[in-house]
Protein chains: 2
Amino acid sequence: MNQPGESLRDRKKRRTRAALERATVRLAAERGYDHVTVEEIAAEADVSVRTFFNYFASKDEALIGADPEAGPRMAERILAFPGTTTPFEAYRSSVLAEITEELDNARDLWLLRKEVLMQRPDLLVRAFANSAESEQLLADAVGRRAGLPRSHVYPRLLVAAGSAAFRCAVTRWASDDSVALGELVSEALDLFGTGLAHAPRHHEGGS
Amino acid sequence: MNQPGESLRDRKKRRTRAALERATVRLAAERGYDHVTVEEIAAEADVSVRTFFNYFASKDEALIGADPEAGPRMAERILAFPGTTTPFEAYRSSVLAEITEELDNARDLWLLRKEVLMQRPDLLVRAFANSAESEQLLADAVGRRAGLPRSHVYPRLLVAAGSAAFRCAVTRWASDDSVALGELVSEALDLFGTGLAHAPRHHEGGS
DNA sequence: GATCGTTTTGCAGTCACTGCAACTTTGCAG
DNA sequence: CTGCAAAGTTGCAGTGACTGCAAAACGATC
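Residues numbered from 1 in each chain as written. Chains lettered and ligands numbered in written order. Predicted model: local features only at pLDDT ≥ 70, side-chain atom pairs only at ≥ 80, totals over all residues. Heavy atoms only, no water.

## A look at the packing of helix α1 (residues 8-31) of chain A against helix α2 (residues 38-45) of chain A
Packed helices, taken two at a time, are described by their axes: the angle between them and the distance between them. Residue and element names in this part refer to chain A. Put simply, the rule is: All axes here are fitted lines through C-alpha atoms, helices being fitted over the stretch that makes contact, and every angle between N-to-C directions spans 0 to 180 degrees. Each helix is a run of H or I in the DSSP string that is no shorter than four residues. Each strand is a run of E no shorter than two, and both are numbered from the N terminus. Here the word oblique covers every angle except those under 35 degrees (roughly parallel), over 145 (roughly antiparallel) and from 65 to 115 (roughly perpendicular). Two helices crossing with the near one rotated counterclockwise from the far one by less than a right angle form a left-handed crossing, whereas a clockwise rotation gives a right-handed crossing. Any two residues whose heavy atoms approach within 4.5 Å are treated as being in contact. Asp, Glu, Lys and Arg are counted as charged, while Ala, Val, Leu, Ile, Met, Phe, Trp, Tyr, Cys and Pro are counted as nonpolar; the rest, among them Gly, fall into the polar class.
Two elements in contact, α1 and α2, have axes separated by 9 Å at closest approach and are oriented at 125 degrees. The orientation of α1 relative to α2 falls into the category oblique. The interaxial crossing formed by α1 with α2 has right-handed handedness. Residues Ala19, Leu20, Ala23, Thr24, Arg26, Leu27 and Arg31 of α1 touch α2, and the partners they reach there are Glu40, Ile41, Ala42, Glu44 and Ala45. The residue makeup of the contact of α1 with α2, split by class, is 7 nonpolar, 1 polar and 4 charged.

## Some remarks on the protein's contact with DNA strand C
Here is the rule we go by: The cutoff for a nearby residue is simple: one of its non-hydrogen atoms must lie within 4 Å of the molecule or strand. Residues adjacent in sequence count toward polar contacts only when both atoms are side-chain atoms; beyond that, a polar contact is any pair of N or O atoms within 3.5 Å, and within protein one must be able to donate a hydrogen and the other to accept it.
In the vicinity of DNA strand C lie 21 residues, with Arg9 and Thr51 of chain A together with Lys12, Arg50 and Lys59 of chain B positioned nearest. Backbone atoms, meaning sugar and phosphate, make up 64% of the atoms of DNA strand C lying within 4 Å of the protein. Between DNA strand C and Arg9 of chain A there is a distance of 2.3 Å, counted from a base nitrogen to a side-chain nitrogen or oxygen. In this structure, a base oxygen belonging to DNA strand C sits 2.8 Å away from a side-chain N or O atom of Arg9 of chain B. Among the elements that line the surface near DNA strand C, the one with the most residues is helix α3 (residues 49-55) of chain A, at 4 residues. Here the surface near DNA strand C is built from residues that sort into 7 nonpolar, 7 polar and 7 charged.

## Topic: the domain arrangement of chain A
All names here are of chain A. Operational definition: Just so you know, the domain bounds were taken from an automatic or database domain assignment. Summed over both partners, the accessible area (1.4 Å probe) lost when two parts come together is defined as the buried area. The working definition used for a salt bridge is a side-chain nitrogen of Lys or Arg within 4 Å of a carboxyl oxygen of Asp or Glu.
Domain boundaries assigned for chain A yield domain 1 (9-65) and domain 2 (66-194). With both chains or domains summed, domain 1 and domain 2 bury close to 1,400 Å², and 61% of this area falls on carbon and sulfur atoms. Three residues stand out in domain 1 for area buried against domain 2, namely Arg22, Asp60 and Ile64, and they jointly supply 35% of the buried area on that side. The interface formed by domain 1 and domain 2 holds 4 salt bridges in total. Its salt-bridge partner being Arg126, residue Asp60 comes within 3.3 Å of it at the nearest N-O pair. Sorting the residues of the side of domain 1 that touches domain 2 by element identifies α1 and α4 (59-64) as the ones contributing at least two each.

## Quick notes on unusual backbone geometry
Even without a glycine there, the phi angle at Asp46 of chain A is positive, about 65 degrees. Mapped onto the fold, Asp46 of chain A is located in the loop between α2 and α3.

In structure tokens, the structure reads:
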């Protein structure tokens with residue numbers, strides 16, 4: 001029994017991971033992030049505390065549900081775009097695709113996360129702290145597409161801008177979710193694309 | 001004895017704070033950030049552990065030496081620029097002024113911090129997590145200058161870009177400090193200003 | 001069903017961080 | 001100088017995140 005598809009073992013692992021993520025978000029939304037202990041989360045997911053830490057390096061990580069495959073996946077997508085696409089566009093599309101997919105898979109989780117992040121915006125920043133490797137991966141992909149030497153700022157800056165765009169978008173979305181999260185990220189990235197030197201004019205109904 | 005200048009109390013507080021910051025950075029650079037306990041830091045600075053936490057909310061914060069007055073100071077500077085200055089320029093200058101000043105006051109500390117951040121880049125990200133208030137302050141200042149409603153993305157995005165620029169600059173500076181940190185931040189901010197849509201061309205010796 | 005690799009678990013330990021209640025120091029006024 | 005209030009320091013006891021290790025349970029394989 002070893003179809004490249006998924007063994008029983010793999011399935012169990014995925015379920016456990018999902019259960020822990022889900023329990024963390026649910027409980028945190030219900031009672032507030034720091035009125036929930038890892039012990040309670042583990043109990044809710046029906047595993048030991050030690051197992052929690054086998055899956056997530058920290059409580060923070062579990063709340064955001066950091067997917068270790070997201071980085072590689074996006075990097076691959078960036079490189080897969082046809083050569084005519086600019087690095088910026090490739091990165092932009094890649095980010096948006098990831099977000100759309102994630103929201104399709106777990107919209108309910110994100111609605112709960114929203115509640116938590118409204119109370120504790122710092123958790124979003126902290127979440128990105130652990131993803132330095134992924135950032136490096138993405139930066140390398142962008143750098144390769146742009147034909148730039150590894151030491152160049154541009155790729156790193158673009159990726160950092162992506163994080164910033166995402167953070168801002170989530171924050172905005174948390175306080176008013178009448179616009180889709182993907183839209184907000186897209187809007188923020190566009191601003192980074194065209195440059196921040198000139199502040200947008202204010203007209204009624206504008207964003 | 002109460003010149004608005006500084007009382008004995010204030011002077012002592014400043015000295016203690018500086019001693020703790022200094023001890024944290026020095027020890028972390030020497031033995032590695034997580035081979036240093038708060039207990040050791042406190043001992044080095046000749047105060048109790050409890051006092052350490054009266055000054056800094058976390059070990060992370062002490063390492064970066066988060067100055068609680070930096071936010072307000074920069075916000076003030078932004079608003080003080082003549083009305084002809086664009087919000088972007090006001091923000092940019094304000095950030096650069098702060099960095100230059102900080103480096104003039106404590107260049108040696110930053111050289112040690114560099115060592116630590118090279119090993120643990122995540123600490124830089126974490127450091128910004130605690131400065132959500134300051135970011136809000138700056139964003140408000142930018143927003144006022146730009147005459148935008150509080151809900152607009154632009155101010156928040158610009159400030160987030162500033163953090164990103166700073167992070168990238170420090171990272172680069174850590175791996176090669178032949179260029180001044182201020183220069184690197186300036187360069188990164190310029191890229192954000194003119195837009196990331198088009199990747200820069202690569203020519204030898206270029207940055 | 002014996003065996004091997006993987007995952008789960010418990011346990012003991014370390015360390016960051018907090019609230020509280022005493023104690024010390026500083027600033028000021030009589 | 002003395003006494004008093006406010007601010008700052010300290011110790012202590014406690015909570016909870018996180019780690020390493022070694023044993024047990026489990027899944028895959030033959």
